[in-house]
Amino acid sequence: MPENPFFKNYANEYSKSKSHKTGNDLVVLDEMINFRSDNCLDVATGTGFTALELSKKCKNVIAIDQTQSMIDKAKELMDSNGVHNVNFLNTDFEKFESRMKYDIITIRRALHHFNDKDIFFRRSNELLKINGYLIIVDMLSPENDVQDLFNKLERIRDRTHIGALKDKDYEYYFKKFGFKIIEKKIVTEDMSFSEWLYPIKENSEIASQCFNFLKNLRDDDLKILGYDMKNQIIHKKRIIVKAEKIKEI
């Protein structure tokens, strides 16, 4: 199974990311899990910050990721926190098989890496219990971005980025695959250009390509992307959405 090359190279940097460790989106996700559960699944767990929060409210957590180096860092995080109820699997979500049905499935800052969103939502329905919850946290593509500039920019920074969804896209996918939205919150994180690039270095060729892409956009396009060229601040929006499985598909 091929590892994601971006995360294989930057696993150590992501394990130190303050945004991933203490971001407001993780706080909101945690608040949405307002009950104790038996079995939870964390998809694309990365370096384990979401799995760590799940471990406090779920009796058993399965955390999966396609990149072994990310899992290695996540295991270190669990060991350092004395957590013993999280089990890791190195696998793709599309290929993940389980006889168990889950109370909660979470995926944080990773859905934009999935090529086929239909497969993701279908598999989530199959793996959840009736009345179980799917909680997604991801960057939000602007509704009025008809040229898909947001995703084009993200793909320059990270070639493994496939595409972030718009708010209306979530409504479509949840309805199509047997879910009902229970809670939704959109948060904005103001980031400097270097913070947005992380873990890419600001003096790298990739950074130069990203900056040139932004520099060549019109003011209206920059406004759509939430980029303040004068102060080099990006107003990055993230959606946190909790949906209940209401029927089998």
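As a starting point, this report considers the structure included with it. In this text the structure is predicted, and so the values were computed from the model without any measurement.

A closer look at the overall build of the protein chain
- What the protein chain contains, in helices and strands, is eleven helices and eight strands.
- Whereas a compact globule of 249 residues would reach a radius of gyration of roughly 18 Å, the protein chain reaches 18 Å, a difference of no more than 12%.
- Reported as C-alpha extents along the three principal axes, the dimensions of the protein chain are approximately 50 × 40 × 30 Å.
- In the protein chain, buried positions account for 53% of the 249 residues.
- The long-range share in the protein chain, meaning contacts at least 24 apart out of those at least 6 apart in sequence, stands at 75%.
- Working note: accessible area of the protein chain is about 12200 Å², and carbon and sulfur atoms make up 47% of it.
- Computing the positive centroid from 41 side-chain charges and the negative centroid from 40, the protein chain places the two 2 Å apart.

Here's the deal with the side chain of Ser141
- Relative to the assigned elements, Ser141 resides in the loop between β5 (128-139) and α7 (149-157).
- The exposure class assigned to Ser141 is buried, which follows from its relative accessible area of 1%.
- Those residues in contact with Ser141 that sit more than four places away from it in its chain are Asp148, Phe150, Asn151, Ala164, Leu165 and Lys166.

Regarding the state of the cysteines
- Considering all chains together, one arrives at one disulfide under this definition.
- What pairs with Cys40 in a disulfide is Cys58, and their sulfur atoms sit 2.0 Å apart. Taking the torsion about the sulfur-sulfur bond, which here is approximately -70 degrees, the covalent link between Cys40 and Cys58 counts as left-handed. Of this pair, Cys40 sits in strand β1 (residues 37-43) while Cys58 sits in strand β2 (residues 58-65), placing them 18 residues apart in sequence. Each member of the pair, Cys40 together with Cys58, is buried.

A short note on the pattern of salt bridges
- Inspection of every chain in the model, using the stated rule, returns 16 salt bridges.
- For Asp92, the salt bridge is made with Lys95, and the minimal N-O distance between the two is 4.0 Å.
- In this structure, Arg218 and Asp221 form a salt bridge, with 3.2 Å as the shortest nitrogen-oxygen distance.
- It is possible to trace a salt-bridge network through shared partners that takes in Asp25, Arg108 and Arg109.

Points about the packing of aromatic side chains
- Following the criterion strictly, the structure yields 13 aromatic pairs and no others.
- Between Phe93 and Phe114 the ring centres are 6.4 Å apart and the planes differ by 75 degrees, which places this aromatic pair in the edge-to-face class. Of the two residues, Phe93 sits in the loop between β3 (86-90) and β4 (102-108) while Phe114 sits in the loop between β4 and α6 (117-127), which places them 21 residues apart along the sequence.
- Three or more aromatic residues joined by ring pairs make a cluster, and in this case those are Phe93, Phe114, Phe120, Phe121, Tyr170, Tyr172, Tyr173, Phe174, Phe177 and Phe179.
- The lysine or arginine in question, Arg157, covers the ring of Trp196, its NZ or CZ lying 6.0 Å from the ring centre.
- Taking the ring centre of Tyr133 as reference, the NZ or CZ of Lys242 above it sits at 4.4 Å.

As for the pairing of β5
- Within β5, nine of the twelve residues are buried, leaving the element largely enclosed by the surrounding structure.
- Where β4 meets β5, six bridges bridge the pair, whose relative direction is parallel. Bridging across to β5, Tyr102 finds its partner in Leu128.
- With α6 bridging β4 and its parallel neighbour β5, the resulting β-α-β unit is right-handed.
- With seven bridges connecting them, β5 and strand β8 (residues 233-245) associate as antiparallel partners.

Calculation rules
Residues numbered from 1 in each chain as written. Predicted model: local features only at pLDDT ≥ 70, side-chain atom pairs only at ≥ 80, totals over all residues. Heavy atoms only, no water. Helix = DSSP H or I, 4+ residues; strand = E, 2+ residues; numbered from the N terminus. Rg over C-alpha atoms; globule rule 2.2 N^0.38 Å. Buried < 20%, exposed > 50% of the residue type's maximum accessible area, 1.4 Å probe, protein only. Contact = heavy atoms within 4.5 Å. Areas by Shrake-Rupley, 256 points an atom, 1.4 Å probe, with all protein chains shown as cover. Lys, Arg positive; Asp, Glu negative; His and termini not counted. Charge placed at Lys NZ, Arg CZ, Asp CG, Glu CD. Disulfide = S-S within 2.5 Å. Salt bridge = Lys/Arg side-chain N within 4 Å of Asp/Glu carboxyl O. Phe/Tyr/Trp six-rings, centres within 6.5 Å; stacked < 30°, edge-to-face > 60°. Lys NZ or Arg CZ within 6 Å of the ring centre and 35° of its normal. Pairing = 2+ DSSP bridges. Right-handed = clockwise from strand over helix to strand, strands pointing away.

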